[in-house]
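Fold and contact review
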Amino acid sequence: MRVNDVGGMEGFGALSVSESDPPFHADWEAHVHALVSALVRRGVFALDEFRDTIERMPPTDYLETSYYERWFRATTTLLRERGLLSADAPADG
Amino acid sequence: MSEGHHHDGSIAQQVREVEAELEASGIVSAAELEAILDAMRTPADGARVVAHAWVDAAFRERLLGDATAAIEELGYSMHGGVRPQMLVALENTEAVHNVVVCTLCSCYPIALLGPSPPWYKSEAYRSRVVREPRAVLSEFGLELAETVEVRVWDASAETRYLVLPLRPRGTDELAEEHLAALITRNGMIGTASL
Amino acid sequence: MDDRFRTGERVLVSLPDSPGHHRAPRYVRGHVGTVLAVHGRHVLPDDVVARMAEPHVEPVYAVAFAAGALWGAGDHTVTVNLWESYLEPAEEGR
């Protein structure tokens, strides 16, 4: 049972919906999205492995981070596990 | 805190550093990333599919029968991503209202609607709409009659869903491109009526 | 290989709560739903994440559940896409 599996869970409160709702809050979020697309297309990791890496974040971290923060942490985690990254960026574990 | 922005400054810097290292080692290229960003910034116009289905009954039938194939007539494809996906069109009627979610992550018909809005990815939406869709829809300003049957679709695999909204009354005279302008993203997710 | 289940058939989501990556939301596990359609054949994500050399490719079904059965309340349906190995035939009377 993993923290991402929230269907039916109580306590997340009301929705926050605005008039425009652009997909990205900040430019770095779009960059993270593009980076993940490129890495998956190139076969550096599989989409399923990417999802798995988000899901195995410690539940407290998952709930405290924003959507694209999770994406970025999972990306750096996978790249480190594969020995493809040395830069000091947040990761899990 | 999933809507939080508290680390934006440092994260933006970290993302740039990771990009730079991956470009330097040849794992991705700057041109490739820029091309993907450009594509994401181009407004997706899945509304064209809905407008066409409203004016062309034969296309509507093909769309409801096999949406994956039908959208290719209009130049869209479900095969542009990392693996082929299937598209299913969900027809709203006076008696049935459809609404789409992905409770496990954020699966969404990007090929037709572009990157998803923040609320679609929020825990509040993902957790609640499968349990209490009428309450969630009313927070979007959509009050459904009790007689309307609600169908929630959880996109948990390789299927993506497009809601075919009810055509607004009084639009019989409108041309297809003007109809398309009436069709909202939320209408095609099922969290708004038109 | 033929699809194991047919449209209209009642199926039980039988996936145990084992560790790892699975695409069956917990709110349908142990519940019985009705197959609406087959949505193609797809690689089983559980096998991809387990790095199996030859991951299984299985039919994926759209399975509809009544809200009343899932939550004890509600008149809506929830339809979930489920890989074949997540499912068993529902026993009579369930």
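Criteria and cut-off values
- Residues numbered from 1 in each chain as written.
- Chains lettered and ligands numbered in written order.
- Predicted model: local features only at pLDDT ≥ 70, side-chain atom pairs only at ≥ 80, totals over all residues.
- Heavy atoms only, no water.
- Helix = DSSP H or I, 4+ residues; strand = E, 2+ residues; numbered from the N terminus.
- Contact = heavy atoms within 4.5 Å.
- Salt bridge = Lys/Arg side-chain N within 4 Å of Asp/Glu carboxyl O.
- Buried < 20%, exposed > 50% of the residue type's maximum accessible area, 1.4 Å probe, protein only.
- Pairing = 2+ DSSP bridges.
- Axes fitted to C-alpha atoms, helices over the stretch in contact; angles between N-to-C directions.
- Buried area = accessible area lost by both parts, 1.4 Å probe.
- Polar contact = N/O pair within 3.5 Å; in protein donor to acceptor, adjacent residues only side chain to side chain.
- Core = buried A, V, L, I, M, F, W, Y, C linked by side-chain atoms within 4.5 Å.
- Parallel < 35°, antiparallel > 145°, perpendicular 65-115°, else oblique.
- Left-handed = near helix turned anticlockwise from the far one by under 90°.
- Nonpolar A, V, L, I, M, F, W, Y, C, P; charged D, E, K, R; others polar.

A short note on the environment of Leu36 of chain C
Among the secondary structure elements, Leu36 of chain C is positioned in strand E2 (residues 32-43). In this structure the C-alpha to C-alpha distance between Leu36 of chain C and Ala64 of chain C, which are 28 residues apart in sequence, comes to 6.6 Å. Not counting residues up to four positions away in its chain, the partners in contact with Leu36 of chain C are Trp153 of chain B together with Thr7, Ala62, Ala64 and Thr79 of chain C.

Overview of the pattern of salt bridges
Counted under the stated rule, the structure contains 24 salt bridges over all chains. Between Glu49 of chain A and Arg51 of chain C there is a salt bridge, with the nearest N and O atoms lying 3.3 Å from each other. Here Glu49 of chain A, found in helix H2 (residues 47-55), pairs with Arg51 of chain C, found in the loop between helix H1 (45-49) and strand E3 (57-66), and the two come from separate chains. Accessibility expressed as a relative area gives 11% for Glu49 of chain A, which makes it buried. Residues Arg126 of chain B and Glu123 of chain B are paired through a salt bridge, measuring 3.1 Å at the closest nitrogen-oxygen approach. Note that Arg126 of chain B and Glu123 of chain B are positioned in helix H8 (residues 123-128) at a spacing of 3 residues, about one turn of the helix. Arg126 of chain B sits in the buried class, given a relative accessible area of 1%. A relative accessible area of 4% places Glu123 of chain B in the buried class. One salt-bridge network, in which partners are shared between bridges, spans Arg2, Asp52, Glu55, Arg56 and Glu81 of chain A.

Observations regarding the sheet that holds strand E5 (residues 87-89) of chain C
Strand order in the open sheet formed by 7 strands is E2(B)-E3(B)-E4(C)-E3(C)-E2(C)-E1(C)-E5(C), and the pairing between neighbours is mixed. Lying at the two open borders of the sheet, with one neighbouring strand each, are strand E2 (96-101) of chain B together with E5 of chain C. On average, each strand axis in the sheet is inclined to that of its neighbour by 35 degrees, with strand direction left out of account. Looking at chain direction, strand E1 (residues 10-13) of chain C and E5 of chain C are connected through 3 bridges and run antiparallel. Of the residues in E5 of chain C, the one forming a bridge with Leu12 of chain C is Glu88 of chain C.

Some words on the interface of chain A and chain B
Contact with chain A, which involves 57 residues of that partner, is made by 55 residues of chain B. Between chain A and chain B lies a buried interface of about 4700 Å² when both sides are counted; carbon and sulfur atoms form 62% of it. Salt-bridge contacts for Asp27 of chain A lead to Arg41 of chain B; the nearest nitrogen and oxygen are separated by 3.1 Å. Between chain A and chain B we count 16 residue pairs in polar contact (both at pLDDT 80 or more) in total. Those elements giving two or more residues to the side of chain A that touches chain B turn out to be helix H1 (27-41), H2, helix H3 (59-64) and helix H4 (67-81) of chain A. Sorting elements by how many residues they give to the side of chain A that touches chain B places H1 of chain A first, with 13 residues.

Some words on the nonpolar core
Among the nonpolar cores identified, the biggest contains 74 residues, and Val49, Leu63 and Tyr125 of chain B together with Leu82 of chain C are the most heavily contacted of them. When residues of this core are assigned to their parent elements, the largest contribution, 6 residues, is made by helix H3 (residues 47-55) of chain B. Ignoring any residue separated from it by four or fewer positions in sequence, one finds Tyr125 of chain B in contact with Leu15 of chain A together with Val99, Val100, Val101, Trp119, Tyr120, Val136, Phe140, Ile189 and Thr191 of chain B. Counting residues in each nonpolar core, the second largest holds 37 residues, with Phe24, Val36 and Ile54 of chain A together with Val28 of chain B among its members.

Brief notes about the interface of chain B and chain C
Many descriptions give the size of an interface as the accessible area lost when the pieces come together. Of the residues lining the interface, 24 residues belong to chain B; the matching set on chain C comes to 20 residues. Across the chain B/chain C interface, buried area totals approximately 1800 Å², and carbon plus sulfur atoms make up 53% of it. Of the charged contacts in the structure, one is a salt bridge between Arg134 of chain B and Asp75 of chain C, with a shortest N-O distance of 3.4 Å. On the surface where chain B and chain C come into contact, there are 12 residue pairs in polar contact (both at pLDDT 80 or more). Listing elements by their share of the side of chain B that touches chain C, those giving two or more residues are strand E1 (86-91), helix H9 (133-139), strand E3 (149-154) and strand E4 (159-164) of chain B. When residues in the side of chain B that touches chain C are grouped by element, the largest group, 5 residues, is from E3 of chain B. By the bridge criterion, 4 bridges tie E3 of chain B to strand E4 (residues 77-83) of chain C in an arrangement that is parallel. Pairing of Arg151 of chain B across the sheet is with Thr77 of chain C, part of E4 of chain C.

Observations regarding the side chain of Thr171 of chain B
Residue and element names in this part refer to chain B. On the secondary structure map, Thr171 appears in the loop between E4 and helix H10 (176-180). For Thr171, a relative accessible area of 6% gives the class buried. For Thr171, the contacting residues outside a window of four places in its chain are Leu179 and Leu182.

Observations concerning the packing of H1 of chain A against H4 of chain A
Residues and elements named next belong to chain A. At a closest axis distance of 10 Å, the pairing of H1 and H4 adopts a crossing angle of 40 degrees. Taken together, H1 and H4 sit at an angle that is classed as oblique. Once H1 is placed against H4, the crossing between them reads as left-handed. Between H1, through Trp28, Glu29, Val32, His33, Leu35, Val36 and Leu39, and H4, the contact on the second element is made entirely by Tyr68, Glu69, Trp71, Phe72, Thr75 and Leu79. A per-class count over the contact of H1 with H4 returns 9 nonpolar, 2 polar and 2 charged.

Just distances and angles here, no functional claims.
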